[in-house]
Every structure is written in structure tokens, then in C-alpha cells.
Amino acid sequence: MDKITNKLQEHYKLVHELVHSNMKWKNITITPSIIQKKSLSKFSDEEKKALTSSGTRWKLYYYYLNSDTNEFDRHYVNFPFNRDYKDFDTRYKVINNMAKATKELLKGGYVPPKAKDDTILTIKEAFNKALLIKKDEVSAQTYLDYSFRTLHFVDYLRKTHKDNLPANQLNAKMVREFLNLKNKETSATNRNNYLRSLRSVIKCMYQNEMIDEFFIDKIEAIKAQPKTQKIYTEQQINNIHSYLENNDTTMLLFIYFVSYNFLRPKEVVRLKMSDININEKILTVRIKQKISKLKRIPDVIIDKIKDLDYSEKDAYLFTNNGLVGYWNNTDERRRSHFTKRYAKIKKVLGFDSSYGIYSFRHTYITRAFKTLTKRLGKYEAYDELMRYTGHETRDAMIKYIHNIDADIVDDYDGEVV
């Protein structure tokens, strides 16, 4: 009882003593109302199951006379009955004990703050509120990802006139239909990325009692079929390099980092000038697990970046307007910019959808493997190559090696020798 009383006092920010007043209170109420009408032993198992099912929210409130309006205002006791107490017996005891503690406080002269309606948030408002909470909990980049994907979902609901529904009406069907649309329009991978972001934000909504059910766990990630990435022949690479030398040198350097440093496109767009130690030829790479790794920069890249401006440490190496600058956007959207940019180049050069920026990573990992096997055994070559590619497991790296008849140069002009 004392513990619950202390919780209530903390909630209302009582500092030293309760304020005595002649104002009156009435009707300490629990909903569902049957909770106050029956003793714990009188409930059947079926009733207990029904009363703790999703959508059945237990509340505790009372009425206090408002001196300005001379009317009784409803005051809710904000306590996580539904979130923290899933078992019926425990929740029953907690909410009844809280009701008794509330009565003791009111009888002792407690004066609540000015009446505040138990405002029902709309779905849009709940998402906005949850995003504000997440902003203080996650990195700036993660917050941008959450915000970008959440706003897309809310905009989808707006088009179907559902964004202003009460937050508790948000359900798995709405989210699933949106994710199905993303899967159809883009890819299973992108659909799963949206699911991860929405799951985190919706969990925040649930934890802060904006919604009663954590329904998002009913939706699972779907298996993303790996996109077949063909590797380029020597002649194709020469043609691409020649075209980019004359038309898009920024894209060419982007491809060099993917090729010779074995970076993923998203890792390339994260690169800032502070990540490049030009004198030591060391590159700091922030990989997808949020871990930074150091890589040696091969001379073929050093020759192209040695004369850049390194005074602006927070500037990105790659931007939508060329090299070295500021670009306030998410990793995903920066990566998407270069993907679309290369798609136009592919169209000019006659490559189909089986080729992409990622194909360079496959191509050069395959090349490096062939070079290493000239002096190492097969499995030794796998282990040695992992040191350069950054893969955590051999199986993950092997997926990049294409054992097909492709034009492979005799000597690999990169960092693996």
C-alpha cells in the first residue's frame, strides 16, 4: 500500500505535504465496472481471460470539484495497469489497492492539478508523440529513418482517411496492408525495413500507453529473395570507367570505393572527410551493425582523393552536388540517389536489371579471391579475404564469389595482394 501511495504522490509531484482544502471529491471509479463489484474469488477463468484480452483497458479515475466552473472534473490516475500487469489476479489487486490509496490521499486533503481531459490521441498524434520520445533515445540517423518511414505510413493512412482515427483503432491489418504495398512497389527488403522502423515506434506508443495492444508482433518479416547480381567482365568495366571519366567522375569514384575497398553503397554514402586519414591511407567505415572498422585505402583510390579539401571534417565525401559537402538526408535516401543515378547510366550503356552498383562488389571480391588462390589454398584464401571485405562469417562472404567463367585479370590492382 505504501509503495502505491508513493507512486501516486510522485505522479502528482507532491513535494512535502498535501494541501488541505474544502473542495470536494467523489466517485473513485474503476473500469471495467465489474472489477469493483466482485471479489477476486468470484471471477471465473473465462471472465479473467476476457477482461485481460487486448482492447480491454482498465482505468482508475475520480471526480474533483473545479472552483472555476463549480463542476466536477474527471481526473485519471495515470498508472501502467494494462502494460505492466498482464495477469488478472495481479492487475485486480494493484488497481484496487491504487483506488484505496487514492481515497486516502483525497481524504487527507490532496488537491489535484487543474482538470485535464483524458485526451484521446489520434493515430497521427500518437505517432508524432512517439517520434519525439524516440528522438531522445536513438541516434540522429536512426531517428531520421524512423521519421521518414513513419511519415510515409501516416500519409498512407491520410489517403484512406484513417490518420485521425483514435490511436487505439490502429491495428495489424492497417500496417500489413501498407507493408504489402511497399513490397509490391519496391522490394521485400524495403518492406522489412519499414516493418522494423514501425515496430520500434509502435512499441514506444504501447509502452507509453497511447495504445492498448502491441499488435505489431503479429507481423513478421518476409523472406527477401536475394537479388541476382551478375559480375562485370573486364571489357564491361573498361567501358563503364571510360564513360564515367567523361560524364560523371563523382559516380566513378563512388564505384571505386565499392570495388577496391569492398564497401556496400550505404557504407560509401556514410563516409565523411573525418573518416579519411589520407597520410596513413586508412579509412574508417561505419558498417550496418553500427560498428566502425578500419580499412586500408588502396593507391588506386588515394590517387583520386589526395587533393580534396579535408578542412571540413563533418562534410560528406559524396553528395548529390558532387564531392565534399553537406547533405542533410537519411543513409537510405542518399544511397537511393546514387542507385537511381547509376540506373540512368546503365540504360545508356545497355545493362539490364541484373547489373547494379552492388555488382562491382561481387566482381571485385571474385577477382580478389582468384588472385589469392594463386598463392593460398582455397580455404586460406577465404579467411584472408574476409579480413578485407569485413564479413563476419565465411558463408556470408562466399555468397559474393562467383565461380563462373568471367574475364579475370592476372594481377588484381587493389588492396589484396
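As a starting point, this report considers the structure included with it.

### Digging into the overall build of the protein chain
Along the backbone of the protein chain there are 17 helices and 8 strands. Residue pairs in contact within the protein chain that sit at least 24 positions apart in sequence constitute 67% of those at least 6 positions apart.

### Topic: the pairing of strand E3 (residues 71-76)
By the bridge criterion, 6 bridges tie strand E2 (residues 59-66) to E3 in an arrangement that is antiparallel. Looking at E3, one finds that Leu65 is bridged to Phe72. Remark: 4 residues form the turn of the hairpin made by E2 and E3, two consecutive strands paired antiparallel; Asn70 in that turn has positive phi of roughly 60°.

### Comments concerning helix H5 (residues 88-107)
With 20 residues, H5 extends 29 Å from end C-alpha to end C-alpha; this agrees with the ideal 28 Å at 1.5 Å per step. All of the buried residues in H5 are Phe88, Arg91, Tyr92, Val94, Ile95, Asn96, Met98, Ala99, Ala101, Thr102, Leu105 and Leu106. Looking at where H5 begins, the residue whose side-chain oxygen comes 3.3 Å from the main-chain nitrogen of Asp89 is Asp87. Trailing H5 by a residue or two, Gly109 shows a phi angle of about 110°, which is positive.

### With respect to the sheet that holds E3
Judged by pairing direction, the sheet is antiparallel, and its 3 strands sit side by side in the order E1-E2-E3 without closing on themselves. One side of each edge strand has no neighbouring strand; the edge strands of this open sheet are strand E1 (25-31) and E3. On average, each strand axis in the sheet is inclined to that of its neighbour by 25°, with strand direction left out of account. Where E1 and E2 come together, 5 bridges link them in antiparallel fashion.

### Let's talk about the nonpolar core
Across soluble globular proteins, nonpolar side chains have a tendency to be buried as a group. Of all hydrophobic cores here, the largest spans 44 residues; its most connected members are Met251, Phe254, Phe257 and Tyr342. Put simply, the parts of the chain that give this core at least two residues each are helix H10 (234-247), helix H11 (249-260), helix H12 (265-269), strand E5 (282-286), helix H13 (299-305), strand E7 (316-319), helix H14 (331-349) and helix H15 (357-372). Sort the elements by how many residues they give to this core and H11 lands first, with 9 residues. Apart from residues no more than four positions distant in its own chain, Phe257 is found in contact with Phe262, Leu263, Val268, Leu271, Leu283, Ile301, Ile305, Leu317 and Phe318. One finds Leu131, Tyr146, Leu198 and Met205 within the second-largest nonpolar core, a separate group that totals 32 residues.

### Some remarks on the packing of aromatic side chains
For the structure shown, the criterion picks out 24 aromatic pairs. Aromatic ring contacts, followed pair by pair, group Phe127, Phe153, Tyr156, Phe178 and Tyr194 into a single cluster. We note Lys304 situated over the ring of Tyr256; from NZ or CZ to the ring centre the distance is 5.0 Å.

### Side note on the side chain of Thr102
Examined against the element boundaries, Thr102 turns out to sit in helix H5. Look at Thr102 and you get buried, because its relative accessible area is 2%. A polar atom in the side chain of Thr102 sits 2.8 Å from the backbone oxygen of Met98.

### So, the sheet that holds strand E6 (residues 292-296)
Pairing within the open sheet is antiparallel, and its 3 strands lie in the order E4-E5-E6. Bordering the open sheet on either side are strand E4 (276-277) and E6, each of which pairs with just one other strand. The pairing of E5 with E6 spans 5 bridges and is antiparallel. Residue pairing in the sheet places Leu283 in a bridge with Lys295 of E6.

### Quick word on the packing of H10 against H11
H11 packs onto H10 with a crossing angle of 140° between their chain directions and a minimal axis gap of 6 Å. As far as their axial angle goes, H11 and H10 are oblique. Facing His241, Leu244, Glu245 and Asn247 of H10, the residues of H11 in contact are Thr249, Met251, Leu252, Ile255 and Tyr256. The residue makeup of the contact of H10 with H11, split by class, is 5 nonpolar, 3 polar and 1 charged.

Cut-offs applied
- Residues numbered from 1 in each chain as written.
- Predicted model: local features only at pLDDT ≥ 70, side-chain atom pairs only at ≥ 80, totals over all residues.
- Heavy atoms only, no water.
- Helix = DSSP H or I, 4+ residues; strand = E, 2+ residues; numbered from the N terminus.
- Contact = heavy atoms within 4.5 Å.
- Pairing = 2+ DSSP bridges.
- Expected span 1.5 Å × (residues − 1).
- Buried < 20%, exposed > 50% of the residue type's maximum accessible area, 1.4 Å probe, protein only.
- Polar contact = N/O pair within 3.5 Å; in protein donor to acceptor, adjacent residues only side chain to side chain.
- Axes fitted to C-alpha atoms, helices over the stretch in contact; angles between N-to-C directions.
- Core = buried A, V, L, I, M, F, W, Y, C linked by side-chain atoms within 4.5 Å.
- Phe/Tyr/Trp six-rings, centres within 6.5 Å; stacked < 30°, edge-to-face > 60°.
- Lys NZ or Arg CZ within 6 Å of the ring centre and 35° of its normal.
- Parallel < 35°, antiparallel > 145°, perpendicular 65-115°, else oblique.
- Nonpolar A, V, L, I, M, F, W, Y, C, P; charged D, E, K, R; others polar.

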